[in-house]
Every structure is written in C-alpha cells, then in structure tokens.
Amino acid sequence: MSPPSIKKILISDSVAPECKEVLEKAGIVVEMKTDMTKDELCGKIKGYDGLIVRSATKVTADVIEASDCLKIVGRAGTGVDNVDIPSATKKNVVVMNTPGGNTLSAAEHTCFLIGSLARQIPQAHMSMKEGRWDRKKFMGNELYGKTLGIIGLGRIGKEVALRMQAFGMTTIGFDPIIDAKTASEFNVEWMSLEDLWPKCDYITVHVPLIPQTANMLCDETFAKCKDGMRVVNVARGGIYEEAAILRALESGKCAGAALDVWEKEPTTNTVLVNHPNVIAVPHLGANTREGQRRCAIEIAEQIVDWVNGKGLVGAVNARDLKL
C-alpha cells in the first residue's frame with residue numbers, strides 16, 4: 001500500500017486549533033469553513049484531498065460524489081453515522097475516526113448522569129432556582145450496593161465500570177466481542193442480555209447505533225427489567241426507543257432516565273424532555289476541552305502518519321478499499 005498524496009484538507013466543523021497546526025506542520029494546506037449547507041459543501045469540496053468533520057457536517061452520498069480528488073474523511077470523534085460509508089467506500093475514500101479521543105469525557109459524563117439520577121440533582125437545582133426549598137420532595141438513593149448493567153464493554157464501558165465500582169456498585173455487562181475472561185479483568189461479570197435485564201438497578205449503553213442495537217431497550221425489554229430501574233444513554237439516540245421510555249416512566253417501571261442523545265437531534269420530543277423524571281442533555285458526552293483537543297490532534301496525526309507511510313490507523317472501511 002503506497003502512501004497517498006494529500007496536499008489540501010478542508011475542515012468543515014469547529015475543531016481544536018491543534019488539528020490545523022499538526023497538518024500544516026506536515027506541509028498540508030488547511031482551510032476551515034464551518035456552518036455550510038449541504039449544497040455549499042458540495043460546491044466547496046472540489047479540489048480537496050481530505051475532509052475533517054465532527055458530528056455537525058453530514059457527509060452524504062451527494063457530498064462524496066461532488067468531490068473530485070477526495071481520499072479521506074476524518075471524523076474527529078467516535079461515531080461515523082454522519083458519514084455515508086458505503087458511498088465513500090464505493091469511491092475508494094477512507095473514512096477514519098478517533099475512537100479513543102473522547103473516551104474519558106464520555107465515561108465521566110455517564111457517571112455524572114448516574115449520580116444525578118440517584119439524587120435528582122438537576123431537579124433539586126431547578127427547584128431552588130424557582131425559589132422553593134423542597135428537601136422532602138427530593139429523596140434520593142445510594143449507589144452503594146446497586147447493580148449497574150453496562151451494555152458495550154469497550155473503552156468507554158470499561159472506564160464507566162471502573163469509576164462506578166468506586167461507589168460500591170456491582171457491575172455486570174454484555175458485549176458481543178469482549179468475552180467473560182476479559183470483562184472479569186476489570187471486575188465486570190459478563191452475562192447474556194436475557195440474564196442482564198432483570199438484575200439491573202441502572203442500565204447504560206456504550207455501543208454504536210446499528211440494526212442489531214436499534215431500539216434495544218423497548219417495551220419488550222423493559223418488561224424484563226426490575227420495577228423502578230433507571231436508564232442512561234450517552235451513546236447514540238435510537239438505541240433506546242423514546243416512546244417506550246415514556247411509557248415505562250408513566251407506568252413506574254422506569255424511575256428515571258438520563259438522556260444525552262436522541263432519536264432526532266435537535267430533539268423535538270418535548271414530552272420526554274419535560275418529564276419530571278428525565279434528565280435531558282443536548283448531546284454533551286464528548287464536549288470537553290480535553291476530549292476535543294485529544295480528538296483534533298489524533299485525527300491530524302493519523303492522517304499525517306498515513307501520508308508518511310507509517311500505516312493506516314482508525315480507518316473504519318479499510319477492509320473494503322483498494323489501497
């Protein structure tokens with residue numbers, strides 16, 4: 001595999017300035033232009049060897065088709081659901097991400113939401129802001145001795161487990177790739193989903209949104225869970241079925257939900273957002289200065305390494321390309 005010639009890269013979302021610095025130091029011309037419409041991006045993409053995005057830019061089939069020399073789409077972050085991978089692959093364009101860059105940010109965010117669910121911190125905060133002193137209303141629960149079910153035991157799931165174990169939580173989990181022996185190395189008891197559902201006081205997911213995970217938590221799976229359990233989603237909207245969450249909240253099956261991601265973003269599901277037992281957050285899992293800086297540097301370094309013949313790292317479609 002010969003190294004590619006990448007001379008010019010377009011950055012279409014806001015990324016940390018270190019990304020541009022790393023690329024320019026390697027002799028690559030970089031232009032940053034954000035907040036483009038799809039038509040504007042289609043007109044702009046011509047002449048660029050690379051495109052770097054976060055989650056705002058939608059790299060559709062039309063965008064890829066409009067390019068005339070595109071070799072790589074770099075996602076400064078984990079999820080690549082905003083990139084049309086089949087279209088990129090068909091045109092022999094590498095789609096690259098930085099799966100480790102925001103691991104700690106997403107894991108910490110998950111842990112904060114679990115704690116907020118247990119003690120109703122956002123609701124108590126708003127009550128104070130509204131001039132009330134509702135001590136009796138906000139009776140919380142300890143995390144000590146509770147069981148946390150973690151679906152997806154990769155980088156983020158592992159870090160969540162290690163942190164919540166410090167609170168005395170029992171951690172159980174499922175992953176189709178990580179086996180029981182590996183999970184046990186960070187004190188997670190691996191089990192099937194059928195065995196996991198009824199044991200959990202809290203459930204968190206750290207998996208991509210793919211056909212196998214879409215609506216994973218729905219009416220059928222809620223029925224297998226404990227009454228009064230709580231759910232957290234800092235992964236992707238659509239892994240939990242929002243209508244099923246609302247029904248579970250109304251019935252008491254689910255005592256609380258902390259949702260950072262939504263089926264449609266920005267969400268229009270005001271009924272769920274405004275439910276008193278929902279902590280609603282606008283997709284902030286990766287939004288830390290440290291995480292964004294890490295992702296920006298990693299995507300730039302991975303591109304530079306590829307150009308310099310040091311190997312192709314983080315390419316999600318590498319197996320299907322002719323390189």
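In case you missed it, the structure is sitting above this.
Note that the coordinates shown come from a computational prediction; the quantities given were computed from them, not determined experimentally. (Residues numbered from 1 in each chain as written. Predicted model: local features only at pLDDT ≥ 70, side-chain atom pairs only at ≥ 80, totals over all residues. Heavy atoms only, no water.)

(A) Representation of the sheet that holds strand β7 (residues 170-174) within the structure. Reading across from one edge, β8-β7-β6-β9-β10-β11-β12 is the order of the seven strands in this open sheet, with parallel pairing throughout. Of all the strands in the sheet, just β8 (189-190) and β12 (278-280) have a single pairing partner and so form its edges. Of the pairings in the sheet, the one linking strand β6 (residues 147-151) to β7 comprises five bridges and is parallel in character. Bridge pairing in β7 links threonine 147 to threonine 170. In the packing of helix α7 (residues 155-165) onto the sheet, contacts are made with β6, β7 and β9 (202-205), and the angle to β6 comes to roughly 170 degrees. (Pairing = 2+ DSSP bridges. Helix = DSSP H or I, 4+ residues; strand = E, 2+ residues; numbered from the N terminus. Contact = heavy atoms within 4.5 Å. Axes fitted to C-alpha atoms, helices over the stretch in contact; angles between N-to-C directions.)

(B) Representation of the packing of aromatic side chains within the structure. Within the structure shown, the criterion is met by one aromatic pair. Looking at lysine 8, its charged tip hangs above the ring of tyrosine 48, at a distance of 4.8 Å from the centre. (Phe/Tyr/Trp six-rings, centres within 6.5 Å; stacked < 30°, edge-to-face > 60°. Lys NZ or Arg CZ within 6 Å of the ring centre and 35° of its normal.)

(C) Examining the nonpolar core more closely. Grouped together as the largest cluster of nonpolar side chains are 29 residues, with contacts concentrated most on Ile151, Ile203, Phe222, Val231 and Tyr240. Secondary structure elements with two or more residues in this core: β7, β9, β10 (229-233), α11 (242-251) and β11 (254-259). Once residues within four sequence positions are removed from consideration, isoleucine 151 is found in contact with Phe174, Leu193, Leu196, Trp197, Ile203, Thr204, Val205, His206, Val207 and Met216. Counting 25 residues, the second largest nonpolar core, distinct from the first, contains Ile150, Phe186, Ala258 and Val281. (Core = buried A, V, L, I, M, F, W, Y, C linked by side-chain atoms within 4.5 Å. Buried < 20%, exposed > 50% of the residue type's maximum accessible area, 1.4 Å probe, protein only.)

(D) Just the pairing of β7, in detail. Here β7 lies mainly inside the structure; four of its five residues are buried. Considered for its hand, the β-α-β crossover made up of β6, α7 and β7 is right-handed. Bridge count for β7 against β8 is two bridges, and the pairing is parallel. Counted as the bridge partner of isoleucine 172 is glutamate 189 from β8. (Right-handed = clockwise from strand over helix to strand, strands pointing away.)

(E) Spotlight on the sheet that holds strand β3 (residues 50-53). Sheet architecture is open: five strands sit in the order β2-β1-β3-β4-β5, paired in parallel fashion. Here the strands that pair on one side only, and so sit at the sheet edges, are β2 (29-32) and β5 (94-97). For this sheet, the mean angle separating the axes of adjacent strands, direction not counted, is 20 degrees. Its contacts with the sheet put helix α13 (residues 289-307) on β1 (8-11), β3, β4 (72-75) and β5, and the angle it makes with β5 is roughly 140 degrees.

(F) Examining α7 more closely. Turning to α7, its buried residues number three or more, namely Ile156, Gly157, Val160, Ala161 and Met164. Looking straight down α7, one finds that the buried residues subtend no more than 135 degrees of arc, so they occupy a single side. Buried residues along α7 sit in contact with α5 (103-119), β6, β7 and β9. (Arc of directions from axis to C-beta.)

(G) The packing of helix α1 (residues 17-25) against α13, seen in detail. With their axes 7 Å apart at the nearest point, α1 and α13 run at an angle of 20 degrees to one another. Taken as axis vectors, α1 and α13 run roughly parallel relative to one another. Considering only the axes of α1 and α13, their crossing is right-handed. The segment α1 lies against α13, with Glu18, Cys19, Val22 and Leu23 engaging Arg293, Ala296, Ile297, Ile299, Ala300, Glu301, Ile303 and Val304. In the contact of α1 with α13, the residues fall into nine nonpolar, no polar and three charged. (Parallel < 35°, antiparallel > 145°, perpendicular 65-115°, else oblique. Left-handed = near helix turned anticlockwise from the far one by under 90°. Nonpolar A, V, L, I, M, F, W, Y, C, P; charged D, E, K, R; others polar.)

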